[in-house]
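# Notes for the structure review
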Amino acid sequence: MKNILITGATGMIGTALLRCAKQESWAIYAQGRTIIDKVSPDINWVNFDLCNPGDALVKLPEFDVVFHLAGQTSTYAARDNPKFDLETNAVGFLNLLIHLKQQTQRPFVVFVGTVTQVGITERLPVNENHCDHPATFYDISKLTAELYLKQFVAEGWLDGCSLRLANVYGYSREGQSVDRGILDKVFRAAMKGEDITIFGDGNYLRDYVFIEDVVSAIMLAPTARERVNGRHFCLGSGQGIALKDAFCKVVNLAADASGTRAKIIHVDPPVNLTAIEFRNAIIDASAYRDATGWRPIYDLDAGLRAAYQCHLTARH
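Summarised in this report is the structure supplied together with it. Every residue gets a number counted from 1 within its own chain, in the order that chain's sequence is written. With pLDDT at 70 or above as the cut-off, local features in this predicted model cover only qualifying residues; side-chain atom pairs require 80 or more to be listed or tallied, and sums for whole chains, interfaces and linings still use all residues. To get the side-chain values, all heavy atoms of the structure are used, and hydrogens and water are removed first.

### Brief notes about the sheet that holds strand S6 (residues 159-165)
- Spatially, seven strands are ordered S3-S2-S1-S4-S5-S6-S11 in an open sheet, and the strand pairing comes out parallel. Of all strands in the sheet, those with a lone pairing partner are strand S3 (43-46) and strand S11 (232-235), marking the two edges. Sheet twist, expressed as the mean angle between neighbouring strand axes with direction ignored, is 20 degrees.
- Where strand S1 (residues 2-7) and strand S4 (residues 65-68) come together, four bridges link them in parallel fashion. Bridge pairing in S4 places Leu-5 opposite Val-66.
- Whether two residues are in contact is decided by their heavy atoms, any of which lying within 4.5 Å being enough. Simply put, an axis is a line fit to the C-alpha atoms, just over the touching stretch for a helix, and the angle between two N-to-C directions goes from 0 to 180 degrees. The numbering of helices and of strands both runs from the N terminus, where a helix is a DSSP run of H or I of at least 4 residues and a strand a run of E of at least 2. Together, S1, S4 and strand S5 (108-114) form the strand contacts of helix H3 (residues 82-101), whose direction differs from that of S4 by roughly 175 degrees.
- Together, strand S2 (26-31), S4, S5, S6 and S11 form the strand contacts of helix H6 (residues 211-220), whose direction differs from that of S6 by roughly 165 degrees. For two strands to count as paired, DSSP must find a minimum of two bridges between them.

Structure, rendered in structure tokens:
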């Protein structure tokens, strides 16, 4: 029996990870701002803010594994209030690391970051050999948190690694992560018959990775402790697709499910749109494959059908 902590357990990835973790023989502690599962007897919910934890951390048991997903995820919220973004993404995580350092047994910490920490690069695919030049406040705070983790590992205080994720989709709900799960948001809007907006021509490439593949990657990290310790890894499907083509696939599925086809319209980008929105990204995840054996199972078509199967089944 292992004690594990999942921070940000009510978010898009946290919810999916929690569902998978419940299948293991673990004592699960789930941290979030709200409780989404009050009846499950095998989850210990703890509600506190990592930026101001008070004595909440002290009351928790020692953990074998910590999956850290809590944080502020909006690029634009970070630009509007960079201090809050830094406190949430870096200082809150640092508070957790300082607490974990005091354990009698050394925990393994999996930090979930973003491939945009590398910044805007013309060289594809993106992998761990790229130098980091973050282009947004959000990516600065995520990179800062990752560097703190690496330093704690270098000091010998704990073990851990960072997983930088590409564009994740599947199973997100309304109210989760304003700037995340864009394909899910497009599907929900298309199901309602709302117009789908693309800024510019939509020809910039994205690497979309299905949530089930992301969860399997996260779960594998502690099993390869020695091979991944102190490192960061880029995770994606390895397949690039133009944003406009991905949106079209989602709209087509929504039309199959609802019987109504939403319209895709192209508009001029707002003047305040960040340059990171127009990046091209294809991810080379071979380093993580070599370390853990992980491979994504779903291509985009299979992942989209799996994500929205309940809607498709209801229609047919």
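### Examining the state of the cysteines
- Two cysteine sulfur atoms form a disulfide, by the criterion used here, when they sit within 2.5 Å. One pass over the structure, following the stated rule, counts zero disulfides.
- There is no disulfide at Cys-20, and the cysteine sulfur nearest it, in Cys-161, is 16 Å away.
- Burial status follows relative accessibility: with a 1.4 Å probe on protein chains alone, a residue under 20% of its type maximum counts as buried, one over 50% as exposed, and anything between as partly exposed. Under the relative-accessibility criterion, Cys-20 is labelled partly exposed at 23%.
- The thiol of Cys-161 is not disulfide-bonded; the next cysteine sulfur, from Cys-234, is found 12 Å away.
- Residue class for Cys-161 comes out buried when judged on its relative accessible area of 1%.

### As for the environment of Arg-261
- With respect to the element layout, Arg-261 can be found in the loop between helix H8 (243-258) and strand S13 (264-267).
- The class of Arg-261 is exposed, set by a relative accessible area of 52%.
- Expressed as a C-alpha distance, the spacing of Arg-261 and Thr-292, which sit 31 residues apart in the sequence, is 42 Å.
- Polar side-chain contacts of Arg-261 include one of 2.4 Å to the side chain of Asn-252. N or O atoms within 3.5 Å of each other form a polar contact, as long as, within protein, one can give a hydrogen and the other can take it, and as long as residues adjacent in sequence are counted only when both atoms are side-chain atoms.

### Quick look at a nonpolar patch on the surface
- There is a patch of nonpolar side chains on the surface, built from Phe-199, Val-267 and Phe-278 and spanning about 200 Å² of accessible area.
- Structurally, Phe-199 is set in strand S8 (residues 196-199). Only residues above 30% relative accessible area that lack a salt bridge enter a patch, with like-charged residues linked at up to 9 Å and the nonpolar side chains Val, Leu, Ile, Met, Phe, Trp and Tyr linked at up to 5 Å. Throughout, the Shrake-Rupley method with a 1.4 Å probe supplies accessible areas, and for residues the shown protein chains are the sole cover considered. The salt bridge criterion pairs a side-chain nitrogen of Lys or Arg with a carboxyl oxygen of Asp or Glu, the two atoms within 4 Å.

### Describing the packing of aromatic side chains
- What counts as a ring pair is set by centres within 6.5 Å for rings of Phe, Tyr and Trp (its six-membered ring), and what kind of pair is set by the plane angle: stacked under 30 degrees, edge-to-face over 60, tilted for all other angles. Applying the stated criterion across every chain, the model contains 10 aromatic pairs.
- Relative to Tyr-308, the ring of Phe-187 lies with its centre 3.9 Å away and its plane at 5 degrees, an arrangement referred to as stacked. Of the two residues, Phe-187 sits in helix H5 (residues 182-191) while Tyr-308 sits in the loop between helix H10 (300-307) and helix H11 (309-315), which places them 121 residues apart along the sequence. Grouping residues by exposure puts Phe-187 and Tyr-308 together as buried.
- Feature note: the residues Tyr-169, Tyr-171, Phe-210 and Tyr-298 constitute an aromatic cluster, connected by ring pairs.

### A closer look at helix H4 (residues 137-154)
- Taking 1.5 Å per residue as the helical rise, H4 with its 18 residues ought to reach 26 Å, and the 26 Å between its terminal C-alpha atoms agrees with that figure.
- Those residues of H4 that fall on the buried side of the exposure criterion are Tyr-138, Asp-139, Ser-141, Lys-142, Leu-143, Ala-145, Glu-146, Leu-149, Phe-152 and Val-153.
- Among the structural elements, helix H2 (75-80), H3, S5, S6 and S11 are those in contact with the buried residues of H4.
- The first or second residue beyond H4 is Gly-156, which carries a positive phi of 80 degrees. The span one expects for a helix is its residue count, reduced by one, times 1.5 Å.

### Comments concerning the pattern of salt bridges
- Per the stated rule, a full pass over the model turns up eight salt bridges.
- For the salt bridge of Lys-150 with Glu-146, the shortest nitrogen-to-oxygen distance reads 3.6 Å. Of this pair, Lys-150 and Glu-146 both sit in helix H4, four residues apart, which is roughly one turn of that helix.
- Here Asp-301 makes a salt bridge to Lys-249, at a shortest N to O gap of 2.9 Å. A residue pair is termed long-range when its members are at least 10 positions apart, and Asp-301 in helix H10 and Lys-249 in helix H8 qualify at 52 residues.
- Taken together, the shared-partner salt bridges connect Asp-132, Glu-146, Lys-150 and Arg-164 into one network.

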